[in-house]
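The residues making up each chain are set out below.
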Amino acid sequence: MKRELTATPAADLGVNDLLVLLKPRVMSLVIFTALVGMVVAPVSIHPVIGLASLAFIAIGAGASGTLNMWWDADVDSMMRRTRNRPIPCGKISADDARLMGLWLAGLAVVMLALAANLLAAGLLALTIFYYVVIYTMWLKRTTPQNIVIGGAAGALPPVIGWVAATGALALEPVLMFALIFLWTPPHFWALSLFMHDDYARARIPMLTVVRGETVTRRYILGYTCALVPVSLMMALGSVGGPMSLSLAIVMNGVFLLGAVNLVRRTDVEATGDRYRAERKFFRFSLVYLFLIFAGLIADVFLRPLASSWLPLF
Amino acid sequence: MMPLAREHELHAARSGRNLAVGICLVLFVVLVFALTLVKLGSGHQMEAFDHAVRPSLVESGQ
């Protein structure tokens with residue numbers, strides 16, 4: 001149930017506040033994964049069309065972030081991590097943020113349809129709808145599986161990038177989708193382990209709040225294990241190569257060790273060292289995703305040199 | 001009522017915001033223009049009906 005926000009717009013809005021409203025960190029991840037989807041696609045895209053498509057995908061991500069902040073302004077004001085965002089601070093009114101988000105979303109979808117194709121634009125519209133309506137408005141406040149199901153929105157950008165280049169779906173973008181989808185729970189649950197109090201205060205039913213830390217740690221390990229076959233399939237497939245395979249083996253090994261370490265830790269140990277291992281695991285999850293996707297790009301450039309590499313499927 | 005100083009911090013914040021919006025609009029126009037050039041240059045529909053029969057616009061057999 002959404003709660004009333006008491007803050008009223010007072011201070012003047014600066015450029016930085018507008019940028020924060022677009023969630024630049026999420027946006028950078030979206031741009032990067034969409035770029036990978038575009039670069040590894042078997043059809044080359046004209047650089048201008050590629051750049052324009054990436055810009056409109058980024059604007060779509062920014063619109064989603066803005067609409068998420070509009071809806072979540074009440075809970076953001078209760079959490080340490082988010083209480084300095086522009087709406088809880090009163091730098092922009094929730095209505096203005098909603099208007100900005102809706103206009104940007106419309107612009108991004110229409111322009112992507114014109115720049116790339118209708119399927120890519122449709123997927124971008126689906127991503128925005130899924131993130132704002134399904135995740136933010138519905139799941140986030142109702143189920144501890146919120147970020148599992150909601151993770152689908154964050155997993156779609158490489159698929160959009162691929163479709164912008166090729167105009168069609170294939171197994172490879174589905175694997176990229178699956179990888180980000182399975183990576184999202186360990187990433188966010190690690191964050192929620194050391195931000196547990198924040199979520200409890202805002203009454204968000206995160207797994208750590210509803211089921212406790214021990215269960216969350218087991219779930220993190222489960223999803224980390226599920227990541228292994230997907231990343232290996234991707235590395236052994238037509239978009240992969242020697243670099244992807246090497247990185248997948250090393251990164252999965254380190255990520256799995258981190259997850260096992262989290263399962264072995266007790267709540268007392270974690271509180272004692274201020275969730276040091278959990279913070280480390282969270283930071284590493286970002287490196288993991290970056291390197292797994294960077295490996296795919298590296299293989300595109302290495303492919304002419306590694307002619308003996310034969311994809312398994 | 002006290003008049004606002006010539007360069008109040010409100011003015012600085014607003015001019016910064018206006019400049020950012022201006023730059024974004026210019027970039028958008030440049031991007032759309034570049035897209036148009038690429039799309040037209042790569043053989044997308046460039047001809048339309050202009051009241052004169054053009055063989056290239058008439059389907060074969062008609």
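Residues numbered from 1 in each chain as written. Chains lettered and ligands numbered in written order. Predicted model: local features only at pLDDT ≥ 70, side-chain atom pairs only at ≥ 80, totals over all residues. Heavy atoms only, no water.

**Here we look at the interface of chain A and chain B**
Then, in step 1: Taken together, the contacts link 16 residues of chain A with 13 residues of chain B.
Then, in step 2: Approximately 1200 Å² of surface area, both sides summed, lies buried where chain A meets chain B, with 80% of it carried by carbon and sulfur atoms.
Then, in step 3: Considering only the surface of chain A that becomes buried against chain B, Asp-12, Val-15 and Val-48 of chain A emerge as the three largest contributors, covering 38% of it.
Then, in step 4: For the pair chain A and chain B, the interface holds zero salt bridges.
Then, in step 5: Taken together, chain A and chain B are joined by two residue pairs in polar contact (both at pLDDT 80 or more).
Then, in step 6: A total of six residues in the side of chain A that touches chain B trace back to one element, the largest contributor, which is helix α3 (residues 47-71) of chain A.
Then, in step 7: Residue classes in the side of chain A that touches chain B are distributed as 14 nonpolar, one polar and one charged. (Contact = heavy atoms within 4.5 Å. Buried area = accessible area lost by both parts, 1.4 Å probe. Salt bridge = Lys/Arg side-chain N within 4 Å of Asp/Glu carboxyl O. Polar contact = N/O pair within 3.5 Å; in protein donor to acceptor, adjacent residues only side chain to side chain. Helix = DSSP H or I, 4+ residues; strand = E, 2+ residues; numbered from the N terminus. Nonpolar A, V, L, I, M, F, W, Y, C, P; charged D, E, K, R; others polar.)

**Some remarks on the layout of surface pockets**
Then, in step 1: One number sums up the size of the largest pocket: a volume of about 1300 Å³.
Then, in step 2: Taken together, 48 residues line the largest pocket, and the ones lying closest to its centre are Lys-23, Val-26, Arg-81, Tyr-131 and Phe-188 of chain A.
Then, in step 3: Looking at the lining of the largest pocket, the elements with two or more residues in it are α2 (24-40), α3, α4 (73-76), α7 (118-139), α8 (146-155), α9 (157-166), α10 (171-194) and α16 (276-302) of chain A.
Then, in step 4: Here the residues of the lining of the largest pocket sort into 27 nonpolar, 13 polar and eight charged.
Then, in step 5: Each of domain 1 (16-168) and domain 2 (170-313) of chain A accounts for three or more of the residues forming the lining of the largest pocket.
Then, in step 6: Space inside the second largest pocket adds up to approximately 980 Å³.
Then, in step 7: Along the walls of the second largest pocket sit 22 residues, with Leu-22, Ile-59 and Leu-104 of chain A together with Cys-24 and Leu-25 of chain B positioned nearest its centre.
Then, in step 8: For the lining of the second largest pocket, the elements supplying multiple residues, two or more each, are α1 (15-21), α3 and α6 (94-115) of chain A together with α1 (9-41) of chain B.
Then, in step 9: If you tally residues by element for the lining of the second largest pocket, the top one is α1 of chain B, at seven residues. (1 Å grid on protein atoms, 1.4 Å probe; cavity = no way out; pocket = protein on both sides within 12 Å on 5 of 7 lines; lining within 4 Å. Points joined across faces, edges and corners; volume = space filled by probe spheres on them. Domains from an automatic or database assignment.)

**A closer look at the side chain of Thr-184 of chain A**
Residue and element names in this part refer to chain A.
Then, in step 1: Its location among the elements puts Thr-184 in helix α10.
Then, in step 2: For Thr-184, a relative accessible area of 7% puts it in the buried group.
Then, in step 3: In this view, Thr-184 contacts Ile-147 and Gly-151; residues no more than four positions away in its chain are not counted. (Buried < 20%, exposed > 50% of the residue type's maximum accessible area, 1.4 Å probe, protein only.)

**Here we look at the pattern of salt bridges**
Residues and elements named next belong to chain A.
Then, in step 1: Considering all chains together, one arrives at 12 salt bridges over all chains under this definition.
Then, in step 2: Close ionic contact of Lys-91 with Asp-17 constitutes a salt bridge, the shortest N to O distance being 3.5 Å. Here Lys-91 is found in the loop between α5 (86-89) and α6, whereas its partner Asp-17 is found in helix α1, with 74 residues between them in sequence.
Then, in step 3: We classify Asp-17 as buried; its relative accessible area is 12%.

**Observations regarding a positive patch on the surface**
Residue and element names in this part refer to chain A.
Then, in step 1: Residues Arg-274, Arg-276, Arg-279, Lys-280 and Arg-283 make up a contiguous surface patch of positive charge.
Then, in step 2: Mapping Arg-283 onto the fold places it in helix α16.
Then, in step 3: The exposed category is assigned to Arg-283, whose relative accessible area is 51%. (Patch = residues over 30% accessible without salt bridge, like charges linked within 9 Å, V, L, I, M, F, W, Y side chains within 5 Å. Areas by Shrake-Rupley, 256 points an atom, 1.4 Å probe, with all protein chains shown as cover. Lys, Arg positive; Asp, Glu negative; His and termini not counted. Charge placed at Lys NZ, Arg CZ, Asp CG, Glu CD.)

**Concerning unusual backbone geometry**
Residue and element names in this part refer to chain A.
Then, in step 1: The phi torsion at Lys-23 lies on the positive side, around 50°, for a residue other than glycine.
Then, in step 2: When you line up the elements, Lys-23 lands in the loop between α1 and α2.
Then, in step 3: Taking the relative accessible area as the measure of exposure, Lys-23 reaches 12% and is therefore buried.
Then, in step 4: Non-glycine residue Arg-274 carries a positive phi angle of around 55°.
Then, in step 5: Following the sequence through the fold, Arg-274 ends up in the loop between α15 (267-272) and α16.
Then, in step 6: For Arg-274, a relative accessible area of 66% puts it in the exposed group.

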